[in-house]
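Geometric and topological summary
Residues per chain are reported as follows:
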Amino acid sequence: MAPAWKGTLEDTTARAAEILPSGEVKWGLDAKEQIFAAYGVPYQPMTFLISADKQVVDTWSGIRSEEELRAALDRLIDVPG
């Protein structure tokens, strides 16, 4: 389940269907921001990089550039630069 918090459930569900057409991710609206508060998420997007052994190795909130994302993923899989 992936919660959304800004917007409507209908808008979020429609956008999710566009970018995740499998329908395997279910969406809900956290209008009162209770889910986000419970997990200490101050705002979206929130990104977690998780290693193959299921350890969280990096987190950040906010938007990152493509270059920053690629560098973080390269570090995660240890690709020489």
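See the structure printed just above.
A brief look at the structure comes next. Fair warning: this is a prediction, and the values are worked out from it, not measured in the lab.

Section: the environment of Ala 72
Its place among the elements puts Ala 72 in helix 3 (residues 66–77). C-alpha of Ala 72 to C-alpha of Leu 49: the two residues are 23 residues apart in sequence and 8.2 Å apart in space. When residues no more than four places from it in sequence are discounted, the contact partners of Ala 72 are Leu 49, Asp 58 and Trp 60.

Here's the deal with unusual backbone geometry
Glycine aside, residues mostly have negative phi angles, and peptide bonds mostly take the trans form. Phi angles above zero are rare outside glycine, and Lys 54 is one such case at about 70 degrees. Locating Lys 54 in the fold gives a position in the loop between strand 3 (46–50) and strand 4 (56–61). Looking at Lys 54, the relative accessible area reads 71%, which means it is exposed.

The rules behind these values
- Residues numbered from 1 in each chain as written.
- Predicted model: local features only at pLDDT ≥ 70, side-chain atom pairs only at ≥ 80, totals over all residues.
- Heavy atoms only, no water.
- Helix = DSSP H or I, 4+ residues; strand = E, 2+ residues; numbered from the N terminus.
- Contact = heavy atoms within 4.5 Å.
- Buried < 20%, exposed > 50% of the residue type's maximum accessible area, 1.4 Å probe, protein only.

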